[in-house]
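Residue-level structural notes
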Amino acid sequence: MEEAKTIINVAGDYVQSKHVDYEINNVEAGGIGIQIVNSSKSATTAATVRVRTPKLQTATFTYRWLATNPQRITMLYQHLLKAQWIAPDTNPDDFSAIFEGHPSTARIKWIGKQAYLYYLIRQLVDQQLISIPQNASVWQIVESHFLDKNSRPFHDFNKQKEPIKAKAAIDKLIEILQPSA
């Protein structure tokens, strides 16, 4: 018996194996159609938006009355723990380091709502209780030193709004840093 020889004639590019996650087919006039070919990937994975990771800063805020009232930062730390807005295992020295004006890599897990952190920091800056070094922005510092409850950096502080329910509580926390309080 004679062996059969397979002859392959290829016109154009030859592809031995093709793996496609998404293929565009059935495009209607003025629209686009997407067909998921590989069903092992979930639709949520495909729809996940990649967020740009900001450059981490070692810059920190400087509490205006740090030299004369350093205990006020400790009091703020204690009240944030009691309110359960920072993780219970937060190191007090790490928390203080964020307000001492020296470069630091300290990270604090903020377990409260992002809007609460936004409002707190915004008010501290607006009332000039903390200052920002020239080489950084307020939100770069916050994103570099505060993590969310899932230990991920916060993003989009420019989309945050003043919290309605917690505004009075945050205003009380801000009073702690006032030297006349």
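Residues numbered from 1 in each chain as written. Predicted model: local features only at pLDDT ≥ 70, side-chain atom pairs only at ≥ 80, totals over all residues. Heavy atoms only, no water.

The number of helices and strands found in the chain is six helices and six strands. When the helices and strands of the chain are listed from N to C terminus, the series reads β-β-α-β-α-α-β-α-β-α-β-α. For the chain, the proportion of its 181 residues judged to be buried stands at 34%. When contacts within the chain are restricted to residue pairs at least 6 apart in sequence, those whose partners lie at least 24 apart make up 66%. Working note: accessible area of the chain is about 12,600 Å², and carbon and sulfur atoms make up 50% of it. (Helix = DSSP H or I, 4+ residues; strand = E, 2+ residues; numbered from the N terminus. Buried < 20%, exposed > 50% of the residue type's maximum accessible area, 1.4 Å probe, protein only. Contact = heavy atoms within 4.5 Å. Areas by Shrake-Rupley, 256 points an atom, 1.4 Å probe, with all protein chains shown as cover.)

What follows concerns the nonpolar core. One finds Phe61, Phe95, Phe99, Trp110, Ile121 and Leu124 to be the most contacted residues of the largest nonpolar core, which totals 40 residues. Among the secondary structure elements, those contributing two or more residues to this core are helix H2 (71–82), helix H3 (92–97), helix H4 (114–126), helix H5 (138–145) and helix H6 (167–176). When residues of this core are assigned to their parent elements, the largest contribution, eight residues, is made by H4. With residues up to four places along the chain from it excluded, the contact list for Trp110 reads Leu80, Trp85, Ile86, Tyr116, Leu117, Leu120, Phe146, Leu147, Asp148, Lys149 and Phe154. (Core = buried A, V, L, I, M, F, W, Y, C linked by side-chain atoms within 4.5 Å.)

Here we take up the packing of H4 against H5. Packing of H4 against H5 brings their axes to within 11 Å, and their N-to-C directions diverge by 135°. For the element pair H4 / H5, the angle class is oblique. Crossing of H4 against H5: the hand is right-handed. Taken together, the residues of H5 that come into contact with H4 (itself represented by Leu117, Tyr118, Ile121, Arg122 and Val125) are Val138, Trp139 and Val142. Partitioning the contact of H4 with H5 into residue classes produces seven nonpolar, no polar and one charged. (Axes fitted to C-alpha atoms, helices over the stretch in contact; angles between N-to-C directions. Parallel < 35°, antiparallel > 145°, perpendicular 65-115°, else oblique. Left-handed = near helix turned anticlockwise from the far one by under 90°. Nonpolar A, V, L, I, M, F, W, Y, C, P; charged D, E, K, R; others polar.)

Examined against the element boundaries, Leu177 turns out to sit in the segment after H6. Residue classification places Leu177 among the buried residues on the basis of a relative accessible area of 0%. As a C-alpha pair, Leu177 and Leu129 span 48 residues in sequence and 7.1 Å in three-dimensional space. Beyond its immediate chain neighbours, meaning those up to four positions away, Leu177 contacts Tyr63, Trp65, Arg72, Ile73, Leu76, Leu124 and Leu129.

On to H2, then. The end-to-end C-alpha separation of H2 is 17 Å, in line with the 16 Å expected for twelve residues at 1.5 Å each. Every buried residue of H2 is accounted for by Arg72, Ile73, Leu76, Tyr77 and Leu80. Seen along its axis, H2 keeps its buried residues to an arc of 150°; they face one direction. Against the buried residues of H2 lie strand E3 (62–63), H3 and H6. Positive phi appears at Gln84, one or two residues downstream of H2, with a value of about 60°. (Expected span 1.5 Å × (residues − 1). Arc of directions from axis to C-beta.)

Under the definition given, this model contains three salt bridges. In this structure, the salt-bridge partner of Asp171 is Lys167, at a minimum N-O distance of 3.6 Å. Of this pair, Asp171 and Lys167 both sit in helix H6, separated by four residues, roughly a single helical turn. Looking at Asp171, the relative accessible area reads 24%, which means it is partly exposed. By relative accessible area, Lys167 is classed as partly exposed at 29%. (Salt bridge = Lys/Arg side-chain N within 4 Å of Asp/Glu carboxyl O.)

Attention now moves to unusual backbone geometry. A positive phi angle, near 65°, is found at Ser151, a position not held by glycine. Along the chain, Ser151 turns up in the loop between strand E6 (146–147) and H6. Owing to a relative accessible area of 40%, Ser151 belongs among the partly exposed residues under this scheme. Phi is positive for Asp156, which is not a glycine, with a value near 60°. With respect to the element layout, Asp156 can be found in the loop between E6 and H6. What makes Asp156 partly exposed here is its relative accessible area of 39%.

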